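So you can see what is in the structure, the chains are spelled out below.
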Amino acid sequence: MTMLEKFSSSQQSLGVADKLARGLGFYSFGLGLLELAAPRLLTRTLGMEGSEKLVRAYGAREIVSGVGALSDNPVPALWSRVAGDALDLATLATALTPDNPKRGNVKIAMAVVLATALVDIMAAKAATDRHHRPRNMPIRDYSNRSGFPQSAEAMRGAAGDFETPADMRADIGNGYSRASAVPL
Amino acid sequence: MKALCWHGKNDIRYDTVPDPKIEHPRDAIIKTTSCAICGSDLHLYDHFIPGMEHGDIMGHEFMGEVVEVGSENKALKVGDRIVVPFTITCGECEQCKRGNFSVCERSNRRKDLGDKVFGHSTAGLFGYSHLTGGYAGGQAEYVRVPFADSTHVKVPSTLTDEQVLFLGDIFPTGWQAAVQCDIQPTDTVAVWGAGPVGQFCVRSAVLLGAKQVVMIDNVPERLLMAEAGGAITINFDKESVVERLNELTRGKGPEKCIDAVGLESHATRSLDAVYDRVKQATMMESDRPHVLREMIYVCRPAGILSIPGVYGGLVDKIPMGALMNKGLTVRTGQTHVKRWTDDLLRRIDEGQIDPSFVITHTVSLDQGPEMYKTFRDKLDNCIKVILKP
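Just so we're clear, the structure is a prediction, and the values are computed from it rather than from any experiment.

### Overview of the interface of chain A and chain B
At step 1: Between chain A and chain B, the contact holds 49 residues from the first and 71 residues from the second.
At step 2: It is Asp72(A), Tyr142(A) and Met168(A) in chain A that bury the most area against chain B; as a group they hold 15% of the surface buried on that side.
At step 3: Our enumeration of links across chain A and chain B arrives at seven salt bridges.
At step 4: For the salt bridge of Glu370(B) with Arg130(A), the shortest nitrogen-to-oxygen distance reads 3.9 Å.
At step 5: Of all the secondary structure elements, the ones that give two or more residues to the side of chain A that touches chain B are α6 (103-131) and α7 (152-155) of chain A.
At step 6: Considered class by class, the residues forming the side of chain A that touches chain B number 21 nonpolar, 15 polar and 13 charged.

### Considerations on the UniProt feature "domain: Alcohol dehydrogenase-like C-terminal" (unreviewed entry) in chain B
At step 1: Within this numbering scheme, the UniProt entry marks residues 196-274 of chain B as carrying the feature "domain: Alcohol dehydrogenase-like C-terminal" (unreviewed entry).
At step 2: Counting secondary structure, residues 196-274 of chain B comes out at 42% helix and 19% strand; the distance between its end C-alpha atoms is 25 Å.

### So, the sheet that holds strand β2 (residues 12-16) of chain B
Strand pairing in a sheet takes place through backbone hydrogen bonds and is either antiparallel or parallel in direction.
Residues and elements named next belong to chain B.
At step 1: An order of β2-β1-β4 is seen for the three strands of this open sheet, with the pairing classed as antiparallel. Unpaired on one side and paired on the other, β2 and β4 (56-57) mark the two borders of the sheet.
At step 2: Pairing between strand β1 (residues 2-6) and β2: five bridges, direction antiparallel. Bridge assignment links Trp-6 to a residue of β2, and that residue is Ile-12.
At step 3: Contacts between helix α13 (residues 368-376) and the sheet are confined to β1 and β2, with β2 contributing the most and set at about 165° to the helix.

### Quick word on the side chain of Gln184(B)
At step 1: Counting through the fold element by element, Gln184(B) comes out in the loop between α5 (170-179) and β11 (188-192).
At step 2: In this structure the side chain of Gln184(B) is engaged in a polar contact, spanning 3.0 Å, whose partner is the backbone oxygen of Asp182(B).

### Brief notes about the layout of surface pockets
Over the atoms, a rolled probe matching the size of one water molecule traces out where space is still vacant.
Residue and element names in this part refer to chain B.
At step 1: In this model, the second largest pocket occupies a volume close to 700 Å³.
At step 2: Together, 30 residues line the second largest pocket, and Val-310, Tyr-311, Gly-312, Thr-332 and Gly-333 are the ones closest to its centre.
At step 3: The set of elements that each furnish at least two residues to the lining of the second largest pocket consists of α10 (290-298), β15 (304-307) and β16 (329-332).
At step 4: Residue composition of the lining of the second largest pocket, grouped by class: 19 nonpolar, 11 polar and no charged.
At step 5: When residues of the lining of the second largest pocket are assigned to domains, at least three fall in each of domain 1 (2-168 + 335-388) and domain 2 (171-332).

### Comments concerning unusual backbone geometry
Residue and element names in this part refer to chain B.
At step 1: Backbone geometry places Arg-250, a non-glycine residue, at a positive phi of 50°.
At step 2: Tracing the backbone shows Arg-250 in the loop between α8 (241-248) and β14 (256-259).
At step 3: Using a relative accessible area of 60% as the deciding quantity, one classes Arg-250 as exposed.
At step 4: One non-glycine residue, Lys-317, lies in the positive phi region at around 55°.
At step 5: Looking at where Lys-317 falls in the secondary structure, it is placed in the loop between β15 and α11 (320-325).
At step 6: Of the residues examined, Lys-317 reaches a relative accessible area of 52% and is grouped as exposed.

### Observations concerning the sheet that holds strand β12 (residues 212-217) of chain B
Residues and elements named next belong to chain B.
At step 1: Strands sit in the order β13-β12-β11-β14-β15-β16 across an open sheet of six strands; the sheet is parallel. Both outer strands of the open sheet, β13 (231-235) and β16, are each paired with one neighbouring strand and no more. Each neighbouring strand pair of the sheet contributes to a mean axis angle of 20°, computed without reference to strand direction.
At step 2: As defined by bridge partners, β12 adjoins β13 across five bridges and the pair is classed as parallel. Directly across from Val-214, in β13, lies its bridge partner Ile-232.
At step 3: Packed onto the sheet, helix α7 (residues 220-228) meets β12 and β13 and runs at close to 160° relative to β13.

Parameters and conventions
- Residues numbered from 1 in each chain as written.
- Chains lettered and ligands numbered in written order.
- Predicted model: local features only at pLDDT ≥ 70, side-chain atom pairs only at ≥ 80, totals over all residues.
- Heavy atoms only, no water.
- Contact = heavy atoms within 4.5 Å.
- Buried area = accessible area lost by both parts, 1.4 Å probe.
- Salt bridge = Lys/Arg side-chain N within 4 Å of Asp/Glu carboxyl O.
- Helix = DSSP H or I, 4+ residues; strand = E, 2+ residues; numbered from the N terminus.
- Nonpolar A, V, L, I, M, F, W, Y, C, P; charged D, E, K, R; others polar.
- UniProt positions renumbered as here; feature names shortened; annotations may be inferred.
- Pairing = 2+ DSSP bridges.
- Axes fitted to C-alpha atoms, helices over the stretch in contact; angles between N-to-C directions.
- Polar contact = N/O pair within 3.5 Å; in protein donor to acceptor, adjacent residues only side chain to side chain.
- 1 Å grid on protein atoms, 1.4 Å probe; cavity = no way out; pocket = protein on both sides within 12 Å on 5 of 7 lines; lining within 4 Å.
- Points joined across faces, edges and corners; volume = space filled by probe spheres on them.
- Domains from an automatic or database assignment.
- Buried < 20%, exposed > 50% of the residue type's maximum accessible area, 1.4 Å probe, protein only.

This is the structure in structure tokens:
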């Protein structure tokens, strides 16, 4: 049980991990929209003028991650956010040059991304633990659960007394008759 | 009373809600003794079916003891033990008289919504959105059964809840799916989806005398259960469905194909499944129809496609060319439960089949929300969950 799961209740299906995934989904979506709509605002703040196309591309990535995190299977999107955080950190690191007058802002941005990355890792791990079927999950043997009193082979055709209703017959309206049916 | 209520996507809660009351003289109130989580409840859980509202009580597979009856209800009395079909039926309209109970013309009290979305409304259903009447569902301590003089199956005390509960949905659903195929002794019947309905499709096809029944899925424990019921299994993660089906049918394809999956198909190694995932996540498509496409492709010309799997809205890239040119017949619909229950109850009573084989988890109602997750994510080898209020 993860730390987040300890705060979940069996009387509500939406666990803390799910709520966190949802929150990150909305955050990702919002950040993505900002990066797509106002890339210059960000590049100017970070002293990265000329990188607007890159910021827009990252915005599109954030939106895809956001949509994924809000879907019924958020796990891949949450891990993609972790990878995205690494990419963001690497990109910001290139702006930590002595000639960048906005170096201070870049450091703050890196700290925010680092904190977000920690939350992303925690959320991705919690969601994986909560929802993903482990690869090595022991398989229960249901091979004795036929539901039949005898072997399935012995039960083949046991409902031979059943007559298919007229509206569900294969031969309806095309002149085909059961009696003349030939195996193809 | 206590009930499992819908509060949004993936959000089911064990809530306290008002007790149900008789609202019409044909009603009855039952005290639920057993109920189940159905695969189609997961479409509501994942919010792929429109028309749900906060606080709606979930569940359409349930049974119990009659504790109150309306003044005009002469068919039931207090103390009767009944299974409740998930399709609510008046028993008097033109469709009910024809046996088309799932399209009862009178039981959907939100006919306006149904007409708008589907062209013409279908029957009222328990706990399955306001498109089908917005009726409170059966995952609750008590349930109001509308048109109860028609909407019930009396069950004898000699059979356990576990043996008869599934008469309300998944057993007749699997049975109707097989009956719609009009199975001949020479037929190969391919079934997609080894969930509870798929398991009953396999047993029904075997009982109805299919030459061979093939189950397609990728969940090992579910394939084991299908094998136990007489199916040849194909794990689509490990082998090609098309090649294996052709091998089994001398290259001609199965005559009859059953889609027991519906709108949330998971095909992990297929391009069209990825395409569907993206379109569904971006709300450009409501349903993921990978199984439909595959069935149309593999089915033998002049064959039958039977679709008990639930679809909710719009699908994309359906190979109509193959469907039309191969002359395939498509039969689908919610289950006309009452049409089959007398016969199926007799088969259970005579010991031809014991439906309890499919139950893997039995828990109390308050553990229901967690079990939605367990069932949806196929954790703990879960195939069928029974809840005891």
